[in-house]
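Coordinates in review
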Amino acid sequence: MDSEVARVQIEDIACLKERKKLTYLLDGLYGSLAAEVNQPPVVLNLEVMTGHRGSTDKLREISVKVLERMEIGDGCNIIAATTDNPTKFQEKFYWVLIRSFPASQA
């Protein structure tokens with residue numbers, strides 16, 4: 001199984017390097033993905049963060065880590081981000097346009 005995960009990650013990294021206008025979508029409980037118009041999205045990370053309650057520091061820490069792992073750590077290809085708490089993300093990636101949606105009260 002590990003070889004399959006590695007193969008998919010290598011393919012996803014190659015795909016992401018070709019894209020220049022990514023939107024970064026981040027959910028404070030489960031993970032993140034990168035999307036571009038007319039292209040399939042790429043799942044960057046799946047991580048249950050329920051114990052951290054989606055704290056902004058933890059979201060930023062995980063975002064930086066996953067973007068580096070997927071070789072888009074400088075964020076220069078990200079033009080927008082969608083999250084329910086953009087504060088700490090915007091401190092690191094200040095040029096990214098942020099749209100904040102309130103967390104659902106389910």
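Residues numbered from 1 in each chain as written. Predicted model: local features only at pLDDT ≥ 70, side-chain atom pairs only at ≥ 80, totals over all residues. Heavy atoms only, no water.

1. Let's talk about unusual backbone geometry
Among all residues save glycine, negative phi is the norm, and among peptide bonds the norm is trans. Cut-off, in case you're wondering: The secondary structure listing takes helices from DSSP runs of H or I that are at least 4 residues long and strands from runs of E that are at least 2 residues long, numbered from the N terminus. Using a 1.4 Å probe on the protein chains alone, a residue whose accessible area is under 20% of its type maximum counts as buried, one over 50% counts as exposed, and one in between counts as partly exposed.
Even without a glycine there, the phi angle at Asn-38 is positive, about 65°. Positionally, Asn-38 belongs in the loop between β2 (31-35) and β3 (42-46). Positioned with a positive phi, Glu-71 is a non-glycine residue whose angle comes to about 60°. Relative to the helices and strands, Glu-71 is located in the loop between α2 (56-69) and β4 (78-83). Glu-71 sits in the partly exposed class, given a relative accessible area of 45%.

2. Considering the layout of surface pockets
Where we set the bar: Method remark: on a 1 Å grid restricted to protein atoms, a set of points is classed as a cavity if a 1.4 Å probe fits but cannot get out and as a pocket if it is open with protein on both sides within 12 Å along at least five of seven lines; lining residues have an atom within 4 Å of a point. Grid points are joined across faces, edges and corners, and a volume is the space filled by probe spheres set on the points.
The space that makes up the second largest pocket amounts to roughly 230 Å³. Lining the second largest pocket are 12 residues, with Val-5, Val-8, Asp-12, Val-43 and Leu-44 positioned closest to its centre. Where the lining of the second largest pocket is concerned, the elements lending two or more residues are α1 (2-18) and β3. Per-element tally for the lining of the second largest pocket: the top contributor is α1, with 5 residues.

3. Re the environment of Leu-67
Within the element layout of this structure, Leu-67 appears in helix α2. Here Leu-67 falls in the buried class, since its relative accessible area comes to 0%. Spatially, the C-alpha atom of Leu-67 lies 9.8 Å from that of Ala-34, the residues being 33 residues apart in sequence.

4. A look at the pattern of salt bridges
Convention followed: Any carboxyl oxygen of Asp or Glu within 4 Å of a side-chain nitrogen of Lys or Arg constitutes a salt bridge here.
A complete count under the given rule lists 3 salt bridges for this structure. Note that Arg-7 and Glu-4 form a salt bridge whose closest N and O atoms lie 2.5 Å from each other. Pair noted here: Arg-7 and Glu-4 are both in helix α1, with a separation of 3 residues, about one helical turn. With a relative accessible area of 36%, Glu-4 lands in the partly exposed category.

5. Description of the environment of Leu-16
To keep it simple, the criterion reads: By definition, residues are in contact when any of their heavy atoms lie within 4.5 Å.
Its location among the elements puts Leu-16 in helix α1. A sequence separation of 56 residues divides Leu-16 from Ile-72, and the C-alpha atoms of the two residues are 7.6 Å apart. For Leu-16, the contacting residues outside a window of four places in its chain are Leu-22, Ala-34, Val-42, Leu-44, Met-70, Ile-72 and Asn-77.

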